[in-house]
Amino acid sequence: MEDQEDPVSREGVWKRNEKLVYLSNFLHMTMYTMCFGGIFDIFLYQLSQEQQVIFDDPIAVGGASGHPPVFRVNTYSTFELSFYLNPSQPVSYPPGSNCSTLYTCGTSILHITDGSGNGDCCKVGNRIPFAYFANGTTMLHITMDALGQNETLDRRSYSKLQHCSAPKELPLHQWTKVKLKASGVENSKGKIEHSDGGMIMFINEEKVCEVPGTAYHTLPSRQGALLFLGSLQSPPLRTHDEHLPAMVDIQSVKYGKPASNLFVGLANSAQGILSMLIMYPIGWIGDKTNRYFLLRGNLLVAVLSGLAMLAAVYTSNVVLLFTGICIFTWYQQTMSSTIYACLADNVVGERRTRAGVNYKTFSALAMSFGPAIQLCVVLWGPMQDSWSASTFELLLLPGWLLLPLIGLAVTLMVPVGKELSSIPNTDDAQECPRSPVRAKLSEAWLEQRVFGRLQRRFVVALSVNIFFIATLLANGMTVRYFSLYFTQVLRFSPAQLCILNAVCRLFIAAFAQLGKPLSVLLGRSNMALLMHVGSAVATLGIYGGGFFTPSLLVACACYLLRFACLHARDPVLYSITMDCVPQSQRSRWAALNSLRTLSFSASAVLGGFLADRHGYEFSFSVTIVSLLACTVFMLPALLWFPRKEGVGSDQVQADALIPPVASQTDLAEVQTAPSRPL
């Protein structure tokens, strides 16, 4: 009788809890997007460099400025050395100089040496590297040692073998960015032409020349090498440098290892694989305990993760970083699975489809709201609109301030359910309306044997899921690298990337509304394949594939369309599966989502490897070819699950498009879908 005493009050609790679920999910997804979204991938990319900031502020070289300070730097066999140059005037040697005889007529800008021999040339470790202007010009030249070089060569012979130069002079009184990168082909990103590696020079992000490596594939590394600005100084060296210093200002000198896309892939794989391993234990705990108390206790896990990530971002500590990622994965998996079950507790059956749509809508809005907040920080914050350490701190860390609000929303939820409190959930309450039984596909049609002894229901479900997993493998090679492509290749600033990501999620939410009418018009299998091919074509439009060079506007539009097509396709594939398989087998088919997570994680590592070795464009091309090849797996579904879908009326056909959501069990199956959108 207690269930019937105060239905109005009980319904008020349900409605309040439903709103708190939406709020909790909105805040959680906003925090997740800010702390672990695309900007986090860029942070991982830069963290992999183990960068040493030699100095930031401008230092004058040459003229009456005296000797600049000498810096210590630990060099690597593969490295990136970047700096900005502002030449004030060319420097020429006097007419009577013997520099042409000594082959020292260059004017020195920056010289890293271990000091062996005369410190200048030509012992291994003397030039690692050496940057200078040609006599009387601002034509930039570089030379670089290599293990296995002939150490008896004179400077002239050495320079012929291990030297390259810019095609034109640097402009006077204007800052120019210079990057020197030395690596083998495994970290060349497709920029090194010689198979054995070497060093390349970029001026304002454009490759201008290459110093070939040697057959040993290795460059010298030194602990405590000396970095000189201008001429070499004695002391600390024992001999005088014959080179004159250039007249130039230099700033923002940074030295580190080449950035690694593979490191980005490994970090994402750690999260994906761990998520797969803990998925079912967390689900079991949620079923056996009070899920509302589990949500509250989960906040302590989030706090621990936040503390680890705060320390990792401030100190650039890899151990703390992976610790924070692993702890957050537990919080993320618990939150995403438990909160959806709480929604099912508080929504009557006939409204669950609508509630699920609301839930996804709030998620999309949150994933747009997060970048919008970051954009405000960039525009009105104290740092410049550039990818610096302070930028990452201000963009990644404020998201954790939402944790208290998430905690408040979760705490305000009132537990419901016969076994948890005096207030029943909507399934326990006797007078709550049940979801109407929708018209189903013809069982006789589904049980027809279409491929040997295999029934239509099995062949179609298997085809759809193999297709989905295969496409996830293909997409996983690129999805975590789009932000890096836009920042490293298209040179997006933090503000531009935040705008792109914010608009993308809003576009996805709007485009998703086309899913149902397109399904009715085309049939679900046809519509899913159309969206799939559309996503592949849109991916090609982002970078051109060597066929054309898209404008920035076209690249951004294709980026939006690529994500929108995938988000419109995936629910259709899921609904086909759930309609085909027997109700008693839905859970085991839903369990394939664990394989989907693993596939996504594994291919992220492969994508990082390909991007490091051949560049982003190559990995994108591999993805497109793989996506098109995956259409073969969808052919059985196209053949045996046609547009009419074996139903006898238009009304039944339209109803069949709605995934079954009549029970809490069905909602639990939906919640196991991957939480990281493609």
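Residues numbered from 1 in each chain as written. Predicted model: local features only at pLDDT ≥ 70, side-chain atom pairs only at ≥ 80, totals over all residues. Heavy atoms only, no water.

Participant: Would you take a moment to explain the pattern of salt bridges for this structure?
Facilitator: For side chains of opposite charge, pairing can occur when their charged atoms come near one another. One pass over the full model with this rule turns up eight salt bridges. Note that Arg480 and Asp41 form a salt bridge whose closest N and O atoms lie 2.8 Å from each other. With Arg480 in the loop between α12 (456–476) and α13 (482–488) and Asp41 in helix α2 (residues 38–47), this residue pair connects regions lying 439 residues apart in the sequence. Exposure class is identical for Arg480 and Asp41. Each is buried. A salt bridge links Asp120 to Arg127, with the shortest nitrogen-to-oxygen separation between them at 3.1 Å. The same class applies to Asp120 as to Arg127, namely buried. Each of the salt bridges in this network shares a partner with another, and the network as a whole consists of Asp120, Arg127 and Arg155. (Salt bridge = Lys/Arg side-chain N within 4 Å of Asp/Glu carboxyl O. Helix = DSSP H or I, 4+ residues; strand = E, 2+ residues; numbered from the N terminus. Buried < 20%, exposed > 50% of the residue type's maximum accessible area, 1.4 Å probe, protein only.)

Participant: Looking at this structure, I do not really get the pairing of strand β9 (residues 176–183). What am I missing?
Facilitator: Every other side chain in a regular strand lies on the same face of the sheet, so the side chains alternate between the two faces. With seven of eight residues buried, β9 is to be regarded as a mostly interior element. Here strand β4 (residues 79–89) runs beside β9; their pairing, made up of seven bridges, is antiparallel. Looking at β9, one finds that Phe83 is bridged to Val178. Pairing geometry for β9 and strand β10 (residues 198–203), over six bridges, is antiparallel. What sits directly across from Val178, in β10, is Ile203. (Pairing = 2+ DSSP bridges.)

Participant: Before we go on, may I ask you to explain the packing of α2 against helix α7 (residues 318–345) in this structure?
Facilitator: Two numbers describe how α2 lies on α7: the axes approach to 12 Å, and their chain directions differ by 150 degrees. Classified by the angle their axes make, α2 and α7 are roughly antiparallel. Helix-helix and strand crossings are classified by hand; for α2 and α7 the assignment is left-handed. Where α2 abuts α7, its residues Phe40, Phe43, Leu44 and Leu47 lie against Val318, Leu321 and Ile325. Residue composition of the contact of α2 with α7, grouped by class: seven nonpolar, no polar and no charged. (Axes fitted to C-alpha atoms, helices over the stretch in contact; angles between N-to-C directions. Parallel < 35°, antiparallel > 145°, perpendicular 65-115°, else oblique. Left-handed = near helix turned anticlockwise from the far one by under 90°. Contact = heavy atoms within 4.5 Å. Nonpolar A, V, L, I, M, F, W, Y, C, P; charged D, E, K, R; others polar.)

Participant: Sorry, what's going on with the state of the cysteines here?
Facilitator: Throughout this description, disulfide means a covalent bond between two cysteine sulfur atoms. In this structure the tally under the stated criterion is three disulfides. Residue Cys121 pairs covalently with Cys122 via a disulfide, S to S 1.8 Å. Handedness here is read from the sign of the S-S torsion; for Cys121 and Cys122, about 80 degrees, the answer is right-handed. Residue classification places Cys121 among the buried residues on the basis of a relative accessible area of 11%. Between the sulfur of Cys164 and that of Cys209 lies a disulfide, 2.1 Å long from S to S. Looking along the S-S bond of the Cys164-Cys209 disulfide, the torsion reads about 45 degrees, which is the right-handed sense. Note that Cys164 is positioned in strand β8 (residues 163–165) and Cys209 in strand β11 (residues 206–212), a separation of 45 residues in sequence. (Disulfide = S-S within 2.5 Å.)

Purely geometric stuff here, so don't read any function into it on its own.
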